[in-house]
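Observations on the model geometry
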Amino acid sequence: MPNILAIETSCDETAAAVFTDEPRILSNVVASQTELHARFGGVVPEVAARAHLQRLLPIVDEALARANLRLEDIGCIAVHNTPGLVGALLVGVSAAKVLALVLDVPLIAVNHIESHIYAARLAAERDIFPCVGLVVSGGHTVLFHCRDALRFDLLGGTLDDAAGEAFDKVASLLGLGFPGGPAVEREAAGGQADAVKLPRSFLHDERLDFSFSGLKTAVLYALAGQSQPRPEPPPPSQRRADLAASFQKAVVDVLVAKSSQALRRTGLKRLAVGGGVAANGCLRSALEAMARDEGAELFIPPLSLCTDNAAMAAVAVEKWRRNEWASLALDAVPSWTPSPAT
Amino acid sequence: MALVGQLGAGKTHLARAIAEGLGIADSRAVTSPTFVLVQEYAARLPIYHFDAYRLHTQAEFADLGVHEYFESGGVCLVEWADRVPDCLPAEHLRIALYIAGETSRRAEITAIGSAYERLVERGE
């Protein structure tokens, strides 16, 4: 198998990675985590396709340099073409198509969500399929029955806000910083998780769906009372820590309960978790405890593979083995609706 | 349609109701676009669902190509529209949501521009 260069531009992060068979990661570069910012005068808009345009080629160069390879050594291009922000995806897809064309190498289209689960496979360094997959990030909260690396049946997902989005918005309500996940987790460390009673949507329902919008609103009510338009000034510190801890516990309780239900329903004994929220320590330890109780194996990648990156696109290796190529007519597809479990 | 209101006011909920009104096949597809910034849904008219919550500048919103969407003949719903006032079309409908109680909301509808003034006057 050749060296595969992968490109990720589905949302905020511009990322590139090089990997080869097994799969083995040769390099993994994410723009916001490197010193590359300085090359653009320190101004990097969080979003906007233009930022991807500026960053992509230096990131690709960096990924090649760290792998000790030149562009000519690349024998295949992989790219996340769905789901994501269409303008952002288009930058990566266009670049990947041009590279495949000029290098005259095959192109592989990779699904960003499938990659998040594959990150757990990469970290495990052995097969983890079939498994229950939980992707929990700023943009997604979704449970799958992963039959193999590329065949996912949808078990359930969020009906409104993603879990990571709820963390960000509650951080904003509490006057904490951005990104909200780490900010809420730090604040929660000094609070009591049972101090404030907050809702846990669908906790005792059969359905494996999530809803975090009502939880966010409940934090607002607990904070300000329903008469006040906006919680100003920020609450006293102990109250704030208690709210952060109670909110975090409510999110974790639901994610753990639904994962456990999914394991029982599918009869599987493996749980793979991906996405930025998987970096949350409270979630990790609660999932570990649940997996122990269920007699299940838990696979969570390290932080660098939880948040958006291009190394997780190594699921392309599986596509290579199955001869699943993309044509140069490949398009960016902003939304992706997996087929439900039957 | 500019959807305005604080966190938890019900902007996404209202967007889902509008999508249902436009005959969307499965309104569970309507989720918060905060992360992805814009989502598209097929309904009687195409629906473009925007969210300016996490943008830092109005220019970033313009960079999404919003003006092309606004001119495309679909229904554009913009959450947190008050954060991107300069990017909104000269004529639009503004719906401000206020929390009136734990399970009730007050909506204030304002027509911006003559076409929408006529719509609101006719109660449509």
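The structure we're discussing is the one just above.
Residues numbered from 1 in each chain as written. Chains lettered and ligands numbered in written order. Predicted model: local features only at pLDDT ≥ 70, side-chain atom pairs only at ≥ 80, totals over all residues. Heavy atoms only, no water.

**Considering the packing of helix 7 (residues 237–266) of chain A against helix 8 (residues 281–294) of chain A**
Residues and elements named next belong to chain A. At a minimum axis distance of 10 Å, the contact between helix 7 and helix 8 shows a crossing angle of 30°. As the angle between them shows, helix 7 and helix 8 are arranged roughly parallel. Along this stretch, helix 7 crosses helix 8, giving a crossing that reads as right-handed. Counted together, Q248, V252, L255, V256, S259, S260, L263 and R264 of helix 7 and C282, L283, A286, L287, M290 and E294 of helix 8 form the full contact between these two elements. Residue composition of the contact of helix 7 with helix 8, grouped by class: nine nonpolar, three polar and two charged. (Axes fitted to C-alpha atoms, helices over the stretch in contact; angles between N-to-C directions. Helix = DSSP H or I, 4+ residues; strand = E, 2+ residues; numbered from the N terminus. Parallel < 35°, antiparallel > 145°, perpendicular 65-115°, else oblique. Left-handed = near helix turned anticlockwise from the far one by under 90°. Contact = heavy atoms within 4.5 Å. Nonpolar A, V, L, I, M, F, W, Y, C, P; charged D, E, K, R; others polar.)

**A closer look at the pairing of strand 5 (residues 107–111) of chain A**
Residues and elements named next belong to chain A. Most of strand 5 sits inside the fold, with five of its five residues counted as buried. Because side chains alternate across strand 5, one face comprises the buried residues L107, A109 and N111, and the other comprises I108 and V110, equally buried. Alignment of strand 4 (residues 74–82) against strand 5, held across five bridges, turns out to be parallel. Paired with A78 across the two strands is I108, which belongs to strand 5. For the segment spanning strand 4, helix 2 (residues 86–103) and strand 5, crossover handedness is right-handed. (Buried < 20%, exposed > 50% of the residue type's maximum accessible area, 1.4 Å probe, protein only. Pairing = 2+ DSSP bridges. Right-handed = clockwise from strand over helix to strand, strands pointing away.)

**Describing helix 3 (residues 112–124) of chain A**
Residue and element names in this part refer to chain A. A rise of 1.5 Å per residue sets the reference length of helix 3, with its 13 residues, at 18 Å; its end C-alpha atoms lie 19 Å apart and thus fit the reference within 8%. Considering bend angle alone, the principal kink of helix 3 is centred on Y118 and spans about 25°. Looking only at helix 3, the buried set comprises H112, I113, E114, S115, H116, I117, Y118, A119, A120, R121 and L122. E125, located one to two residues past helix 3, shows a positive phi value of around 60°. (Expected span 1.5 Å × (residues − 1). Bend = angle between axes of the 7 residues up to and from the residue.)

**Regarding the packing of aromatic side chains**
On inspection of all chains with the given rule, the structure shows ten aromatic pairs over all chains. Ring centres of F144 of chain A and F152 of chain A lie 5.1 Å apart, and the angle between their planes is 50°; on these two criteria the pair is classed as tilted. The burial state of F144 of chain A is the same as that of F152 of chain A; both residues are buried. One aromatic cluster is present, formed by Y48, F50, F61, Y69 and F70 of chain B through successive ring pairs. (Phe/Tyr/Trp six-rings, centres within 6.5 Å; stacked < 30°, edge-to-face > 60°.)

**Some details on the sheet that holds strand 9 (residues 270–274) of chain A**
Residues and elements named next belong to chain A. Judged by pairing direction, the sheet is mixed, and its five strands sit side by side in the order 8-7-6-9-10 without closing on themselves. The open sheet is flanked by strand 8 (151–157) and strand 10 (297–299), the only strands paired with a single partner. Sheet twist, expressed as the average angle between the axes of neighbouring strands with direction ignored, equals 25°. Bridging between strand 6 (residues 131–136) and strand 9 involves four bridges; their strand directions are parallel. Along strand 9, the bridge assignment pairs V132 with L271. Along the sheet face, helix 3 touches strand 6, strand 7 (141–148), strand 8, strand 9 and strand 10 and points at about 115° away from the line of strand 6.

**Some points on the sheet that holds strand 1 (residues 2–4) of chain B**
Residues and elements named next belong to chain B. Here six strands make up an open sheet; going across it, the order is 2-3-4-1-5-6 and the pairing mixed. The open sheet terminates on both sides in strands that have one partner only, identified here as strand 2 (38–41) and strand 6 (104–112). Direction aside, the axes of adjacent strands within the sheet are offset by 20° on average. Here strand 1 runs beside strand 4 (residues 75–79); their pairing, made up of two bridges, is parallel. Looking at strand 4, one finds that A2 is bridged to V78.

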